[in-house]
Amino acid sequence: MSTAAKTTFYTTCLLSVLTVVGVHYIQRAEKAAMHAGVLRDIERQRIKKERQLDFEVQAALEKELRRSQDVVDTSLQASEGPSPGMGGLGDGRGVPDSNPREGR
């Protein structure tokens, strides 16, 4: 075999081996990145469950406190029905009950 042929053969073999090693390295790196993504998702789910549990505990505490303190919610009173003297509309437009021509 000639020197040029040997050089070409060995260079081709070396490039093939380097390609295989590089592909395996990339596959391992991608697998590690995907596994890290799974771990992040598990952690996010754990935090979400923890926050939901905290919210439920706070809601239960608020409900118990409202029950024990007899708190009147003024925002509910404004939207429950018509206000007296407002024409029965209850929408806050300020229309009076009486007709201005009735007095004549």
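Above this text you will find the structure in question.
The structure displayed is predicted, hence computed values, not measured ones. As a convention, each chain's residues are numbered from 1 in the sequence order in which they are written. In keeping with the predicted nature of the model, local features appear solely for residues at pLDDT of at least 70, side-chain atom pairs appear and are counted solely at 80 or more, and the whole-chain, interface and lining totals rest on all residues. For side-chain calculations, the full set of non-hydrogen atoms in the structure is used, while hydrogens and water are omitted.

**Let's talk about the overall build of the protein**
Applicable threshold: A run of DSSP states H or I qualifies as a helix once it reaches four residues; a run of E qualifies as a strand once it reaches two. Both are numbered from the N-terminal end. When a residue's accessible area, from a 1.4 Å probe over protein chains only, is under 20% of the maximum for its type it is buried; when over 50% it is exposed; and in between it is partly exposed.
Along the protein, the regular secondary structure elements total two helices and zero strands. Within the protein, buried positions represent 1% of all 104 residues.

**Examining the pattern of salt bridges**
Formally: Only one rule defines a salt bridge in this text: a Lys or Arg side-chain nitrogen within 4 Å of an Asp or Glu carboxyl oxygen.
Applying the stated rule across the entire model yields five salt bridges. Between D41 and R44 there is a salt bridge, and its shortest N-O distance comes to 3.2 Å. A residue pair is termed a helical-turn pair when its members lie 3 or 4 positions apart in one helix, as D41 and R44 do in helix 1 (residues 3-69) at three residues. By relative accessible area, D41 is classed as partly exposed at 38%. E50 serves as the salt-bridge partner of R46, at 2.8 Å between the closest nitrogen and oxygen. Taken together, the residues span about one helical turn, with R46 and E50 both in helix 1 at a distance of four residues. For E50, a relative accessible area of 43% corresponds to the partly exposed category. A network of salt bridges, in which partner residues are shared, links E43, R46 and E50.

**A few points about a nonpolar patch on the surface**
As a reminder, the rule being used: What goes into a patch is any residue over 30% in relative accessible area without a salt bridge, connected to like charges within 9 Å or, for nonpolar side chains (Val, Leu, Ile, Met, Phe, Trp, Tyr), within 5 Å. All accessible-area figures derive from a Shrake-Rupley calculation using a 1.4 Å probe, and residue coverage is judged against the displayed protein chains alone.
Together, L14, L15 and L18 line one region of the surface with nonpolar side chains, adding up to about 310 Å² of accessible area. You can see L15 is positioned in helix 1. We classify L15 as exposed; its relative accessible area is 51%.

**Regarding helix 1**
Inclusion rule: The span you would expect from a helix comes to 1.5 Å times its residue count less one.
Its 67 residues place the ends of helix 1 97 Å apart at the C-alpha level, agreeing with the 99 Å of an ideal helix rising 1.5 Å per residue. The positive-phi residue at the C-terminal boundary of helix 1 is D70, with phi of around 50 degrees.

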